[in-house]
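Below, each chain spelled out in residue letters.
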Amino acid sequence: MTNAVEAVGTATPVPTAGDLAARTTGLRKTYGQTVAVAGVDLAVPRGGVVGVLGPNGSGKTTTIRMLLGLTTPTSGTVELLGHQLPEHSGRVLPRVGALVEGPGFHPFLSGRENLLRCAAMEPAVRGPEIRDVVEQAMERVGLRAAGGRKYRGYSLGMKQRLGLAAALLVPRELVVLDEPTNGLDPAGTREIRQIIAELHAAGTTVLVSSHLLAEIEATCTHVAVLHRGSLVAQGELATMLESSAPHLQVSTSDRSSAIATLRDKGIPAQEDGSAIRVDLSDVNSSEVVAMLVHAGVPVQEARRARTGLEDLFTRLTEEDM
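Let me begin by describing the structure that accompanies this report. Just so it is clear, the model here is predicted, and its values are computed rather than measured. (Residues numbered from 1 in each chain as written. Predicted model: local features only at pLDDT ≥ 70, side-chain atom pairs only at ≥ 80, totals over all residues. Heavy atoms only, no water.)

## Structural notes on the overall build of the protein
Okay, step 1: Looking only at helices and strands, the protein has 12 helices and 15 strands in total.
Okay, step 2: Judged by the C-alpha coordinates and their principal axes, the protein covers about 75 × 45 × 35 Å.
Okay, step 3: Considering only intrachain contacts with a sequence separation of at least 6, the fraction spanning at least 24 residues in the protein is 70%.
Okay, step 4: Total accessible area on the protein is roughly 15,500 Å²; 49% of this is exposed by carbon and sulfur atoms.
Okay, step 5: The averaged location of the 35 negative side-chain charges in the protein is 9 Å from the averaged location of its 31 positive side-chain charges. (Helix = DSSP H or I, 4+ residues; strand = E, 2+ residues; numbered from the N terminus. Contact = heavy atoms within 4.5 Å. Areas by Shrake-Rupley, 256 points an atom, 1.4 Å probe, with all protein chains shown as cover. Lys, Arg positive; Asp, Glu negative; His and termini not counted. Charge placed at Lys NZ, Arg CZ, Asp CG, Glu CD.)

## Some details on unusual backbone geometry
Okay, step 1: Pro86 follows Leu85 through a cis peptide bond whose omega is 10°.
Okay, step 2: Within the secondary structure, Pro86 sits in the loop between β6 (83-85) and α3 (89-92).
Okay, step 3: Backbone geometry at Glu179 places phi at a positive 50°, although glycine is not the residue there.
Okay, step 4: Mapped onto the elements, Glu179 comes out in the loop between β8 (174-178) and α7 (186-201).
Okay, step 5: Here Arg228, not a glycine, exhibits a phi torsion of approximately 55°, which is positive.
Okay, step 6: The class of Arg228 is exposed, set by a relative accessible area of 59%. (Buried < 20%, exposed > 50% of the residue type's maximum accessible area, 1.4 Å probe, protein only.)

## Concerning helix α6 (residues 156-167)
Okay, step 1: With 12 residues, α6 should reach 16 Å at 1.5 Å per residue; the first-to-last C-alpha distance of 17 Å fits that figure.
Okay, step 2: Burial of α6 is extensive: 10 of the 12 residues sit out of reach of the surface.
Okay, step 3: Contact partners of the buried residues in α6: β7 (96-99), α4 (111-120), α5 (130-140), β8 and α7. (Expected span 1.5 Å × (residues − 1).)

## Some words on the packing of helix α10 (residues 255-264) against helix α11 (residues 285-294)
The geometry of a pair of packed helices is captured by two quantities: the angle between their axes and the separation between those axes.
Okay, step 1: Remark: α10 packs on α11, axes separated minimally by 10 Å, with the N-to-C direction vectors making an angle of 115°. Between α10 and α11 lies a crossing whose hand is right-handed. Residues Ala258, Thr261 and Leu262 of α10 lie in contact with α11, whose contacting residues are Val288, Met291 and Leu292.
Okay, step 2: Among the residues forming the contact of α10 with α11, the class breakdown is 5 nonpolar, 1 polar and no charged. (Axes fitted to C-alpha atoms, helices over the stretch in contact; angles between N-to-C directions. Left-handed = near helix turned anticlockwise from the far one by under 90°. Nonpolar A, V, L, I, M, F, W, Y, C, P; charged D, E, K, R; others polar.)

## With respect to the sheet that holds strand β14 (residues 275-279)
Okay, step 1: One open sheet accounts for 4 strands, arranged β13-β14-β12-β15; its pairing is antiparallel. Taken across any chain shown, the strands that pair with only one partner, and hence form the sheet edges, are β13 (269-272) and β15 (301-304). Neighbour to neighbour, the strand axes of the sheet diverge by 25° on average, direction disregarded.
Okay, step 2: Contacts from α10 reach β13 and β14, with the element oriented near 160° to β13. (Pairing = 2+ DSSP bridges.)

## Quick word on the packing of α4 against α5
Okay, step 1: Two elements in contact, α4 and α5, have axes whose closest approach is 9 Å; the angle formed by their N-to-C orientations is 125°. Taken together, the axes of α4 and α5 are oblique relative to one another. Along this stretch, α4 crosses α5, giving a crossing that reads as right-handed. Judged by residue contacts, Gly111, Arg112, Leu115, Leu116, Ala119 and Ala120 of α4 engage Ile130, Arg131, Val134, Glu135 and Met138 from α5.
Okay, step 2: Residue composition of the contact of α4 with α5, by class: 7 nonpolar, 1 polar and 3 charged. (Parallel < 35°, antiparallel > 145°, perpendicular 65-115°, else oblique.)

## Topic: the pattern of salt bridges
Okay, step 1: Throughout the structure, instances matching the rule amount to 11 salt bridges.
Okay, step 2: For Arg144, the salt bridge identified is with Glu135, shortest N-O distance 3.1 Å.
Okay, step 3: Owing to a relative accessible area of 41%, Arg144 belongs among the partly exposed residues under this scheme.
Okay, step 4: It is possible to trace a salt-bridge network through shared partners that takes in Arg112, Glu135, Glu139 and Arg144. (Salt bridge = Lys/Arg side-chain N within 4 Å of Asp/Glu carboxyl O.)

## Regarding the nonpolar core
Okay, step 1: With 49 residues, the main nonpolar core has Val134, Leu143, Tyr154, Leu162 and Leu309 as its most contacted residues.
Okay, step 2: Setting aside its immediate chain neighbours within four residues, Leu143 contacts Met138, Tyr154, Met158, Arg161 and Leu162.
Okay, step 3: Formed by 26 residues, the second largest nonpolar core is a distinct cluster that contains Val37, Val44, Leu68 and Leu85. (Core = buried A, V, L, I, M, F, W, Y, C linked by side-chain atoms within 4.5 Å.)

The values reported here are purely geometric and, on their own, carry no functional implication.
Shown next, in the form of structure tokens:
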């Protein structure tokens, strides 16, 4: 891994154990000679929306399955809501809602009938409350009108919605969503974003896995990047984007003079559309502005630029040269 990647990966200190909704230590999973997950130390801060980002085959779903006790790790430990798994699964898992690898329901039952069965197994839901809980969950994900249709006739997007409804039947401390927008149209995707925002506002911790960069950037406060089964970076998304982009975007009516002034001082600068891009590796923003003003170059605006998640992800997962 390059130094730049290492710097991004350590941009945000890992929270202490009391601040975490979930934590893995040395988590590893092998299938014969194939290493699916290699020593992952994942930290999920309470109250955050954490995006687990990586291409297909990077180990996202396997990591999530181990986190929820659905797959036994080859080695390593898992702590969920302050308790070790699998020893305390019965105490912890009712407080967790999850949609992993697509929902699994009875095909010949209706969506509503499937959810009624799910609600009946929730320890926090009493008999008289079950039907109301189900109707509220279906309304929340936009499926109430289709509740009487057989599950086998649902589209992929409707199946995803029903799975999300099952995960949200009762209030949860942690909600884990594996590729939640899979199969959804743009309107459905916006609705999922809104639900995630509502959960976040209510203080629920949300863990979202995706290979879609735009979804992670639009919904998440934190990000963890997996590549070939290894965790290559994790931390606050805004901090990681900021730390990976040490340059200043300067708007000026005299770009040529601005670039010449800075280059004379040994500071890399170049045109970037209607502005100039200034490298901040060896100088800070205020010094750049002072140099330009002293040289008589008009400065309309100067702002520290943030890279996009796509650029950050590319740097984190590219091959060492």
